[in-house]
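Remarks on the overall topology
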Amino acid sequence: QWFKPDRVRQAGVVITSRQRVEDYKIRMWTSSEQNTDIVTAHHPLAVYVAVTRAGWPVLRASVSVIGRVISDNNTKHSMNGIELFDNGNGDPDITGDDGVYSRYVTEYPAVGRYAFTVTVTDNNNQAVMVKEVKVNEDNDCCGSNTNLSKEKLEKSGEFTRTVEGSVITLLQVPDSSLSDRMPPSKIGDLKIKVIPESHSLVATWTSPGDDYDSGSVSGYRIVFSTNIGDLMGNQEEKTALLQFARSDPAGMKTSYQFMFNYFDEVFYLGLVGVDDANNTGRVSNLVSVSMPGVVHHEDHATLTITDKISDTENDDAWMI
């Protein structure tokens with residue numbers, strides 16, 4: 001029997017636990033290096049989330065961010081969830097399959113304090129863990145990717161984690177009442193194959209969106225030059241080889257074949273996304289191509305294509 005005291009007393013038990021050594025670690029940050037920032041239609045906020053377990057990257061997980069906004073007049077706003085990607089498309093995700101997921105924020109309800117919450121799941125048992133960093137050099141991939149050996153990936157199993165993310169005060173945001181001013185994002189995985197028989201090129205890439213990496217792009221512009229410097233920097237007027245309309249949702253692998261009647265000379269080509277409001281994104285990664293010329297033989301009625309390129313000419317244009 002308990003001793004009955006003269007006055008009522010309360011007892012409390014405090015239980016302290018530690019995380020398992022191999023539990024998941026989720027870290028979020030933004031493209032802003034300070035607690036306050038100014039966001040414009042051409043300089044949106046990018047959010048990043050790194051997912052690891054026991055120090056190793058977790059790939060193919062489902063990573064989403066939800067924002068809550070408190071404006072200057074203390075009005076509360078909620079934002080739609082933003083799904084983040086680890087695809088290495090370059091804008092904004094620099095390297096694919098490194099466990100860092102990223103996306104641009106294209107919705108800004110008001111000026112004020114933005115607080116983000118991150119939710120990470122196993123993506124219906126699709127998430128895998130990297131146990132050994134072994135690069136497969138024979139892995140033919142486009143864009144920037146870790147090219148990890150698929151044999152070294154292990155299923156993570158079911159998991160769900162929700163953590164509080166970054167908090168940032170935005171002093172200026174794009175006015176949502178104005179017309180569309182956000183351009184498509186930069187294409188970062190452009191590849192071009194030369195088809196000498198038909199004097200054509202086949203370009204493949206991952207499509208951007210209407211507003212950076214959200215929505216659907218409405219068309220593309222292919223720019224080219226023999227001088228790589230003409231396609232770099234902030235020059236607005238770049239020589240366009242052609243422009244075509246096509247609606248592709250963001251993140252879609254797509255291709256396009258077109259004629260290229262410029263022979264025996266090295267050209268640099270880039271691709272630019274265009275939206276419905278005629279906003280244009282930045283020029284993609286640049287690809288050098290050379291279309292073999294046509295040689296006439298007097299004793300033959302047909303034309304043959306030569307693919308011999310002089311190895312005595314030095315190209316002094318370099319790009320890192």
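Remember, predicted model here, so these are calculated numbers, not experimental data.

1. What to know about the overall build of the protein
Per the secondary structure count, the protein includes zero helices and 21 strands. Counting all 320 residues of the protein, 39% fall into the buried class. If you take every contact in the protein between residues at least 6 apart in sequence, the share linking residues at least 24 apart comes to 70%. In the structure as shown, the protein presents an accessible area of about 19700 Å², 47% of it carried by carbon and sulfur atoms.

2. Here's the deal with the sheet that holds strand β19 (residues 287–290)
The sheet built from four strands is open, its strands ordered β16-β15-β18-β19 with antiparallel pairing. Two strands bound the open sheet, and with one partner strand each, they are β16 (240–249) and β19. Looking at each pair of strands side by side, their axes are set apart by 30° on average, direction ignored. Pairing analysis gives four bridges linking strand β18 (residues 266–274) to β19, with the strands arranged antiparallel. In the strand pairing of β19, Val 266 is matched with Ser 290.

3. Considerations on the nonpolar core
Core analysis: the biggest nonpolar cluster contains 37 residues, and Val 49, Val 63, Tyr 108 and Tyr 114 have the highest contact counts within it. For this core, the leading source of residues is strand β3 (residues 45–53), giving seven residues. Residue contacts for Tyr 114: discarding those within four places in its chain leaves Arg 68, Val 69, Met 79, Tyr 108, Pro 109, Ser 166, Val 167, Ile 168, Leu 170 and Val 173. Trp 205, Val 217, Phe 267 and Met 291 belong to the second largest nonpolar core, which has 20 residues in total.

4. Describing the packing of aromatic side chains
What characterises a pair of aromatic rings is the spacing of the ring centres plus the angle enclosed by the ring planes. Scanning the entire structure with this criterion turns up 14 aromatic pairs. Here the aromatic rings of Trp 205 and Tyr 220 are separated by 5.0 Å at their centres, their planes lie at 70°, and the arrangement is edge-to-face. Residue Trp 205 is located in strand β14 (residues 200–206), and its partner Tyr 220 is located in strand β15 (residues 216–225); the two are separated by 15 residues in the primary sequence. For Trp 205, a relative accessible area of 2% gives the class buried. Overall, Tyr 220 belongs to the buried group, its relative accessible area being 0%. Summarising the aromatic geometry, the rings of Phe 224 and Phe 260 are spaced 6.4 Å apart at their centres and angled 80° between planes, so their arrangement reads as edge-to-face. One end of the pair, Phe 224, is in strand β15; the other, Phe 260, is in the loop between β17 (253–259) and β18, and 36 residues separate them in sequence.

5. Quick notes on unusual backbone geometry
Of all residues except glycine, most have a negative phi; of all peptide bonds, most are trans. Put simply, Asp 91 and Pro 92 share a cis peptide bond, and its omega is 5°. Positionally, Pro 92 belongs in the loop between β7 (82–84) and β8 (100–105). Even without glycine at this site, Asp 97 takes up a positive phi of about 55°. For Asp 97, the position within the fold is in the loop between β7 and β8. In this structure, His 199 is a non-glycine residue whose phi angle is positive, near 55°.

6. What about empty space enclosed by the protein?
Once rolled over the atoms, a probe with the size of a water molecule shows which space is left empty. This structure, assessed with the given rule, holds one cavity of 30 Å³ or more. Empty space within the largest cavity amounts to approximately 190 Å³.

7. Regarding the pairing of strand β4 (residues 56–59)
Look at any regular strand and the pattern is simple: side chains alternate between the two faces of the sheet. Taken together, the two bridges between β3 and β4 define a ladder with antiparallel strand orientation. Across the sheet, the residue bridging to Thr 52 is Pro 57, located in β4. With antiparallel pairing between neighbouring strands as the criterion, β3 and β4 make up a hairpin whose turn holds two residues, including Ala 54 at a positive phi of roughly 55°. One ladder, built from two bridges, connects β4 with strand β10 (residues 128–130); its direction is antiparallel. Following the sheet pairing, Val 58 is matched in β10 by Met 129.

8. Some details on the sheet that holds β17
Read across the sheet, three strands follow the order β13-β14-β17 without closing on themselves; strand pairing throughout is antiparallel. Both edges of this open sheet fall to β13 (191–195) and β17, since each of them pairs with a single strand only. For this sheet the average axis-to-axis angle between neighbouring strands, irrespective of direction, equals 20°. Pairing between β13 and β14: five bridges, direction antiparallel.

9. A closer look at the pattern of salt bridges
Within the structure shown, the criterion is met by six salt bridges. Among the ionic pairs, Arg 68 bridges to Glu 164, the shortest N-O distance being 3.5 Å. Taken together, the positions of Arg 68 in strand β5 (residues 62–71) and Glu 164 in strand β12 (residues 160–172) put the pair 96 residues apart, joining distant regions of the chain. Using a relative accessible area of 40% as the deciding quantity, one classes Arg 68 as partly exposed. Under the relative-accessibility criterion, Glu 164 is labelled exposed at 58%. For the salt bridge of Asp 91 with Arg 282, the shortest nitrogen-to-oxygen distance reads 3.8 Å. Of this pair, Asp 91 sits in the loop between β7 and β8 while Arg 282 sits in the loop between β18 and β19; the two residues are 191 residues apart in sequence, bridging distant segments of the chain. Overall, Asp 91 belongs to the buried group, its relative accessible area being 8%. Given the relative accessible area of 53%, Arg 282 is considered exposed.

Basis of the calculations
Residues numbered from 1 in each chain as written. Predicted model: local features only at pLDDT ≥ 70, side-chain atom pairs only at ≥ 80, totals over all residues. Heavy atoms only, no water. Helix = DSSP H or I, 4+ residues; strand = E, 2+ residues; numbered from the N terminus. Buried < 20%, exposed > 50% of the residue type's maximum accessible area, 1.4 Å probe, protein only. Contact = heavy atoms within 4.5 Å. Areas by Shrake-Rupley, 256 points an atom, 1.4 Å probe, with all protein chains shown as cover. Pairing = 2+ DSSP bridges. Axes fitted to C-alpha atoms, helices over the stretch in contact; angles between N-to-C directions. Core = buried A, V, L, I, M, F, W, Y, C linked by side-chain atoms within 4.5 Å. Phe/Tyr/Trp six-rings, centres within 6.5 Å; stacked < 30°, edge-to-face > 60°. 1 Å grid on protein atoms, 1.4 Å probe; cavity = no way out; pocket = protein on both sides within 12 Å on 5 of 7 lines; lining within 4 Å. Points joined across faces, edges and corners; volume = space filled by probe spheres on them. Salt bridge = Lys/Arg side-chain N within 4 Å of Asp/Glu carboxyl O.

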